[in-house]
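Fold and geometry: a report
Spelled out, the chains give:
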Amino acid sequence: MTHARDNFIAWLRNAHSMEEQAITMMTAQARRIENYPDLKERILLHLEETRAQSETLTRLLAQFTGGTSTFKDMAAKLAGTAQGVSGMLTSDAVIKGTIGSYAFEHMEIATYTVLIAAADELGEEEIKASLEAILAEEVAMAEWLEKHLDDITRIFLMRDERDLLAKR
Ligand SMILES: [Fe+2]
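Predicted model, so just to flag it, every value in this text is computed and none were measured.

Next up on the list: the packing of helix H2 (residues 37–65) against helix H5 (residues 125–167). Remark: H2 packs on H5, axes separated minimally by 11 Å, with the N-to-C direction vectors making an angle of 160°. As summarised for this structure, H2 and H5 are arranged roughly antiparallel, according to the angle between their axes. Taken as a pair, H2 and H5 cross one another with a handedness that is left-handed. Taken together, the residues that form the contact of H2 with H5 break down as 13 nonpolar, five polar and seven charged.

Below you can see the structure in the form of structure tokens.
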């Protein structure tokens, strides 16, 4: 299963890079949000989870490769910074950011589902369990966002209307 091992290592690397990007994006997002305390709090909670996930992935890669392989993914971090900055220029940043987060969580869910299947094929039970724990956090975040998208949108529209009236 040499190819399976190589694929698994590549997917672990991608996942780590994805989480580093998530950290950059959520840091920028949380800093920007003022009027949506529940959203801010949930993002900060997931930010902590994501930092731990990134560390777990580093540990899993070392465990899988016997410490011969490490992550180098500055490029992804920089890409995340650029996205964080562009979102700040629009008035509906909270909506665009929430849509982006919802999409991002689903990319993470797909990534961990793939990794879990690969770990299972490789007979890596312990690694698989760690990946399942991460997947559960991604699913919980995606569900929270799905549940709150409606409210966040209505609050945004109401505030936007009020601000427009105040300017007249
Ligand atoms: Fe996530």
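One way to put it is that helix H4 (residues 93–121) packs onto H5 with a least axis distance of 8 Å and a crossing angle of 160°. Overall, the two elements H4 and H5 adopt an arrangement that is roughly antiparallel. Here the hand of the crossing between H4 and H5 comes out left-handed. In the contact of H4 with H5, the residues fall into 19 nonpolar, five polar and eight charged.

Turning to the nonpolar core, a few remarks are in order. The biggest cluster of nonpolar side chains holds 40 residues, and the ones touching the most others in it are Phe8, Leu39, Leu57, Tyr112 and Leu131. Sorting the residues of this core by element identifies helix H1 (2–32), H2, H4 and H5 as the ones contributing at least two each.

About the cut-offs
- Residues numbered from 1 in each chain as written.
- Predicted model: local features only at pLDDT ≥ 70, side-chain atom pairs only at ≥ 80, totals over all residues.
- Heavy atoms only, no water.
- Axes fitted to C-alpha atoms, helices over the stretch in contact; angles between N-to-C directions.
- Helix = DSSP H or I, 4+ residues; strand = E, 2+ residues; numbered from the N terminus.
- Parallel < 35°, antiparallel > 145°, perpendicular 65-115°, else oblique.
- Left-handed = near helix turned anticlockwise from the far one by under 90°.
- Nonpolar A, V, L, I, M, F, W, Y, C, P; charged D, E, K, R; others polar.
- Core = buried A, V, L, I, M, F, W, Y, C linked by side-chain atoms within 4.5 Å.
- Buried < 20%, exposed > 50% of the residue type's maximum accessible area, 1.4 Å probe, protein only.

Geometric values such as these leave the question of function open.
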